[in-house]
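# Secondary and tertiary structure notes
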Amino acid sequence: MHLREERPGDAESVRDIHLRAFGGHGTVVADLVDTLRATITPTDGLSLVAEDGGRAVGHVMFTRGLLDAPRRLVEVTVLSPLAVVPESQERGIGSALVRRGLTVLAGRAVPLVFLEGDPAYYSRFGFTPGGTRGFRKPSLRIPDGAFQSLALPAYEPWMTGTLVYAEPFWRHDAVGLRDPGA
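Each chain has its residues counted from 1, following the order in which its sequence is written. It should be noted that, the model being predicted, local features are given only for residues of pLDDT at least 70 and side-chain atom pairs only at 80 or more, the latter also being counted only at that level, while totals for whole chains, interfaces and linings use all residues. Water and hydrogen atoms play no part in the side-chain values, which are based on all heavy atoms of the structure.

On to the layout of surface pockets, then. Each pocket or cavity is described by its volume, and for the largest pocket that value is around 1,100 Å³. Forming the walls of the largest pocket are 38 residues, and the residues nearest its centre are Phe-22, Pro-81, Leu-82, Glu-116 and Gly-117. Residue assignment for the lining of the largest pocket shows that the elements contributing at least two residues are helix H2 (26-36), strand E4 (73-84), helix H3 (93-107), strand E5 (112-116) and helix H4 (119-122). With 7 residues, the single largest contributor to the lining of the largest pocket is E4. Here the nonpolar group is Ala, Val, Leu, Ile, Met, Phe, Trp, Tyr, Cys and Pro; Asp, Glu, Lys and Arg are the charged ones; every other residue, Gly included, is treated as polar. When grouped by side-chain class, the residues that make up the lining of the largest pocket number 22 nonpolar, 9 polar and 7 charged. Think of a 1 Å grid over the protein atoms and nothing else: a 1.4 Å probe that fits but is trapped marks a cavity, an open set flanked by protein within 12 Å on at least five of seven lines marks a pocket, and residues with an atom within 4 Å of a point count as lining. Grid points are joined across faces, edges and corners, and a volume is the space filled by probe spheres set on the points. Here the second largest pocket defines a volume of roughly 180 Å³. For the lining of the second largest pocket, the class distribution of residues is 5 nonpolar, 2 polar and 4 charged. Numbering goes from the N terminus for both helices and strands, where a helix is a DSSP run of H or I of at least four residues and a strand is a run of E of at least two.

Turning next to the pairing of strand E9 (residues 161-164). Along any regular strand the residues' side chains alternate between the sheet's two faces. Relative to E9, strand E3 (residues 55-68) runs antiparallel, the two sharing 3 bridges. Paired with Leu-67 across the bridge in E9 is Leu-163. Any two strands between which DSSP finds at least two bridges are classified as paired. Bridging between strand E7 (residues 135-136) and E9 involves 2 bridges; their strand directions are parallel. Of the residues in E9, the one forming a bridge with Phe-135 is Gly-161.

What follows deals with the environment of Ala-30. Along the chain, the position of Ala-30 falls in helix H2. Burial classes follow relative accessibility: with a 1.4 Å probe on protein chains only, a residue under 20% of its type's maximum area counts as buried, one over 50% as exposed, and anything between as partly exposed. Residue classification places Ala-30 among the buried residues on the basis of a relative accessible area of 1%. Separated by 132 residues in sequence, Ala-30 and Thr-162 place their C-alpha atoms 26 Å apart. Any two residues having at least one pair of non-hydrogen atoms within 4.5 Å are treated as being in contact. Leaving out residues up to four positions away in the same chain, Ala-30 has contacts with Arg-15, His-18 and Leu-19.

Spelled out as structure tokens, the structure:
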């Protein structure tokens, strides 16, 4: 397996990864990735691809968010989405992508990484419930346990407050869970 930054020619294969990995929600996630891609710069955000045998099999994206802290707005990062094609899951590809991304972000002095996800999976990387550190989730539709944070070396204890997602998450309605019966 080979991990690398996403290249311009990867857009279609990355889209396919998310379509396959997320099933019925794949289109929303793939569209979100297509929109978020334009927000990534060489110093802000990160998009990583995992290749196996020269074929893209996994992808993770880290994009800019804001923490509305009492002192000032703090630039933070949001890990979303992470996907591995179904036939390559359970082989450590997702974990390798997350670990590589966190290492890169720590080197860039990013203070905090947030995500919505399964605590049983993301706790292995050091993510903990965001509320335990004084963070507030950007939507009440996010289950408390799913709203997670990880402090990197640039974090300072005064950095508390409300996470503000980038606009594409709202545009694609990719925040929290919708009530299907409402």
